[in-house]
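Topology and contacts: notes
Residue strings, one per chain:
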Amino acid sequence: MRVISGKARGRRLRTLEGNDVRPTTDKVKEAVFSIIQFDLPGSVFLDLFSGSGQMGIEALSRDAKFAYFVDSSKASAAVTSENLATVGFSDCSKVYTMDSISFLRSTSNTFDIALLDPPYNKGLLAEALPLLETRMSERGIVLCEHPDNEVLPDETERLIKKKEYSYGKIGVTLYTVKE
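Report follows, based on the coordinates. All values derive from a computational prediction rather than experimental measurement.

1. Remarks on the pattern of salt bridges
Scanning the model with the defined rule gives 10 salt bridges in all. In this structure, the salt-bridge partner of lysine 29 is glutamate 58, at a minimum N-O distance of 3.8 Å. With lysine 29 in helix α1 (residues 26-36) and glutamate 58 in helix α2 (residues 54-61), the pair connects residues that are 29 residues apart, well separated along the chain. Residue class for lysine 29 comes out buried when judged on its relative accessible area of 0%. The closest approach of N and O atoms between arginine 62 and glutamate 58, which form a salt bridge, is 2.8 Å. Each member of the pair, arginine 62 as well as glutamate 58, is classed as buried. The structure contains a network of salt bridges with shared partners spanning Lys29, Glu58 and Arg62.

2. Examining empty space enclosed by the protein
Within the structure shown, the criterion is met by one cavity of 30 Å³ or more. Of the voids in this model, the largest cavity is the one considered here, and its volume is about 30 Å³. Lining the largest cavity are Pro118, Pro119, Tyr120, Asn121, Lys122, Gly123, Leu124, Leu125 and Glu150. The residue makeup of the lining of the largest cavity, split by class, is five nonpolar, two polar and two charged.

3. Observations concerning the pairing of strand β6 (residues 159-167)
Pairing of β6 with strand β7 (residues 170-177) involves eight bridges; the strand directions are antiparallel. Paired with tyrosine 165 across the strands is valine 172, a residue of β7. Counting the residues between successive antiparallel strands, the hairpin from β6 to β7 contains two residues, one of them, glycine 168, with a positive phi of roughly 70°.

4. Side note on the sheet that holds strand β4 (residues 111-116)
Spatially, the seven strands line up as an open sheet ordered β3-β2-β1-β4-β5-β7-β6, and their pairing is mixed. Each having just a single partner strand, β3 (93-97) and β6 make up the two edges of the open sheet. Between one strand axis and the next, the sheet turns by 15° as a mean value, whatever way the strands run. Pairing of strand β2 (residues 66-71) with β3, which is carried by five bridges, proceeds in the parallel orientation. Bridge pairing links aspartate 71 to threonine 97 in β3.

5. Things to note about the environment of aspartate 39
Position of aspartate 39 relative to the elements: it lies in the loop between α1 and β1 (44-48). On the basis of relative accessibility, which here comes to 30%, the residue aspartate 39 falls in the partly exposed class. A sequence separation of 31 residues divides aspartate 39 from valine 70, and the C-alpha atoms of the two residues are 21 Å apart. Apart from the residues within four sequence positions on either side, aspartate 39 is in contact with Ile113, Arg139 and Ile141.

Criteria and thresholds
Residues numbered from 1 in each chain as written. Predicted model: local features only at pLDDT ≥ 70, side-chain atom pairs only at ≥ 80, totals over all residues. Heavy atoms only, no water. Salt bridge = Lys/Arg side-chain N within 4 Å of Asp/Glu carboxyl O. Helix = DSSP H or I, 4+ residues; strand = E, 2+ residues; numbered from the N terminus. Buried < 20%, exposed > 50% of the residue type's maximum accessible area, 1.4 Å probe, protein only. 1 Å grid on protein atoms, 1.4 Å probe; cavity = no way out; pocket = protein on both sides within 12 Å on 5 of 7 lines; lining within 4 Å. Points joined across faces, edges and corners; volume = space filled by probe spheres on them. Nonpolar A, V, L, I, M, F, W, Y, C, P; charged D, E, K, R; others polar. Pairing = 2+ DSSP bridges. Axes fitted to C-alpha atoms, helices over the stretch in contact; angles between N-to-C directions. Contact = heavy atoms within 4.5 Å.

So this is what it looks like as structure tokens:
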């Protein structure tokens, strides 16, 4: 796994092994960052269900101002912290080792861009979206990675589905804050 573009381009990142982790493929990562490329500079990025932190690190490499990483696994949080130190982004990030839903219920932070890539088929996106919407800035963008056959709501109180993308068995759904 590596950083694709930006200040840390080409740097290798560590990931966990085993069946509990599912790193985002380079194809999907490139597609996601193509979607948000013009919104990234100066943004506050949330990498929810962050795993190794590769998506938030990619955002920082591409000029996001700050990134928050949230994962319930101590091992994932440790790898994220190690990866942040490796690429020199520890000062513009914060790693939380806690349940993502609990984080959304307790945080007072506001985010410009949020990426949600939860464990598949556990209903976590449907639970997280209504909690996240109150934490998004007016220019907020939410990207959800999920199995291609999972149907997400067209809208929540503050978020509206703008587009759905398909990359083989992986789907990415784009939401923006309603005007």
